[in-house]
Amino acid sequence: MWQSFYNTIIYGDRWLLLLKGLGTTLIIAIGAIIIGSILGCIFALMKISKNKKLKAIANIYTTLIRGIPMSTQLMICYFVIFTPMGIYNAVLVSVLAFGINSGAYCTEIFRAGIQGVDIGQMEAGRSLGLSWRQTLTKIILPQAFKTILPTYTSEFITLIKETSVAGFISVVDLQKAGDDIRSATYNAWIPLLSCAIIYLCLTLGLTKLFAILERRMAKSDRK
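A brief report on the enclosed structure follows. (Residues numbered from 1 in each chain as written. Predicted model: local features only at pLDDT ≥ 70, side-chain atom pairs only at ≥ 80, totals over all residues. Heavy atoms only, no water.)

Further remarks concern the environment of Thr185. Note that Thr185 resides in helix 8 (residues 174-185). Spatially, the C-alpha atom of Thr185 lies 9.2 Å from that of Ile9, the residues being 176 residues apart in sequence. Ignoring any residue separated from it by four or fewer positions in sequence, one finds Thr185 in contact with Asn7, Thr8 and Arg14. Engagement of the side chain of Thr185 in a polar contact is seen with the backbone oxygen of Ile181, the distance being 2.7 Å. (Helix = DSSP H or I, 4+ residues; strand = E, 2+ residues; numbered from the N terminus. Contact = heavy atoms within 4.5 Å. Polar contact = N/O pair within 3.5 Å; in protein donor to acceptor, adjacent residues only side chain to side chain.)

Take the nonpolar core next. With 41 residues, the main nonpolar core has Leu18, Phe98, Phe110, Phe156, Ile160 and Ile169 as its most contacted residues. Residue contributions to this core peak at 8 residues, all from helix 5 (residues 90-116). In terms of nonpolar packing, the next biggest core, distinct from the first, is built from 7 residues, Ile114, Val117, Ile139 and Ile140 among them. (Core = buried A, V, L, I, M, F, W, Y, C linked by side-chain atoms within 4.5 Å. Buried < 20%, exposed > 50% of the residue type's maximum accessible area, 1.4 Å probe, protein only.)

All right, on to the packing of helix 3 (residues 52-67) against helix 5 then. Between helix 3 and helix 5, the least distance of the axes is 9 Å, while the angle of their chain directions is 120°. Here helix 3 lies oblique to helix 5, going by the angle between them. Classified by chirality, the crossing of helix 5 by helix 3 is left-handed. On the side of helix 3, the interface is formed by Tyr61, Thr62, Ile65 and Arg66, while helix 5 contributes Ile100, Asn101, Gly103, Ala104, Tyr105, Thr107 and Glu108. Its residues assigned to classes, the contact of helix 3 with helix 5 comprises 5 nonpolar, 4 polar and 2 charged. (Axes fitted to C-alpha atoms, helices over the stretch in contact; angles between N-to-C directions. Parallel < 35°, antiparallel > 145°, perpendicular 65-115°, else oblique. Left-handed = near helix turned anticlockwise from the far one by under 90°. Nonpolar A, V, L, I, M, F, W, Y, C, P; charged D, E, K, R; others polar.)

This paragraph deals with helix 4 (residues 70-82). Two residues of an α-helix separated by three or four positions point the same way, owing to the 3.6 residues in each turn. Along helix 4, the sharpest change in direction is near 30° and occurs at Ile76. Of the residues making up helix 4, those classed as buried are Met70, Ser71, Gln73, Leu74, Cys77, Tyr78 and Phe82. Buried residues in helix 4 make contact with helix 3, helix 5 and helix 7 (132-162). (Bend = angle between axes of the 7 residues up to and from the residue.)

The next subject is the environment of Arg14. By the element assignment, Arg14 lies in the loop between helix 1 (2-10) and helix 2 (15-48). On the accessibility criterion, Arg14 (18% relative accessible area) is buried. Through-space distance from the C-alpha of Arg14 to that of Ala58 is 45 Å; in sequence the pair is 44 residues apart. Apart from residues no more than four positions distant in its own chain, Arg14 is found in contact with Asn7, Thr8, Ile9, Ile181 and Thr185.

Right, let's get into the pattern of salt bridges. In the structure shown here, the tally under the stated rule is 4 salt bridges. Between Glu108 and Lys47 there is a salt bridge; the shortest N-O distance is 2.3 Å. Highlighted residues: Glu108 in helix 5 and Lys47 in helix 2, separated in sequence by 61 residues. One exposure class covers both Glu108 and Lys47, and it is buried. Between Arg111 and Glu108 there is a salt bridge, with the nearest N and O atoms lying 2.9 Å from each other. Taken as a pair, Arg111 and Glu108 lie in helix 5 at a separation of 3 residues, close to a single helical turn. We classify Arg111 as partly exposed; its relative accessible area is 23%. The exposure class of Glu108 is buried, given its relative accessible area of 14%. Here the residues in one salt-bridge network are Lys47, Glu108 and Arg111, joined through shared partners. (Salt bridge = Lys/Arg side-chain N within 4 Å of Asp/Glu carboxyl O.)

In structure tokens form, the structure reads like this:
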């Protein structure tokens, strides 16, 4: 078994391909969650606004994005939108495509979190002389964040796993690196199992980190 692992992963420094692919996966996932969080905040506020046009735009965005498979969205972004614009950087396109996709899910997560805060909190803030924006940022959003943290964690973990389709536009992410090693060595189980273990370690690590954050926030509430 060790000899097979050596011939497949160690020999020829093929493990560097996995390491580089892991780096690309993290770049895409982190960039996408940042974009998705920003879009999620914007469209969530549009959804809870009293402006019917803003609500309609936000509803169209979330309905379209959540109703189309991620792989299809990725290829549309690359081949239909960005390539004709002269943008050929597949990693950049992946970050944007996954970010737009994540934004639709973050929109619903943030909207549910904001609307889950008791309406009396807004009224209390306004009665203290705070503006709507001040009440939202200082009272509503901090409480909403604590509520949405577990769901937001799940969205980030799902996003990391979804980046495995980035190879459809020739991005050499972790999954594509494992597949390239499989093609070169005619050994499927070692490189694919290696990818699976790395993905598992990533998701377990993130789950642990967010759990620690959640516990610290819970402790701060009790003080």
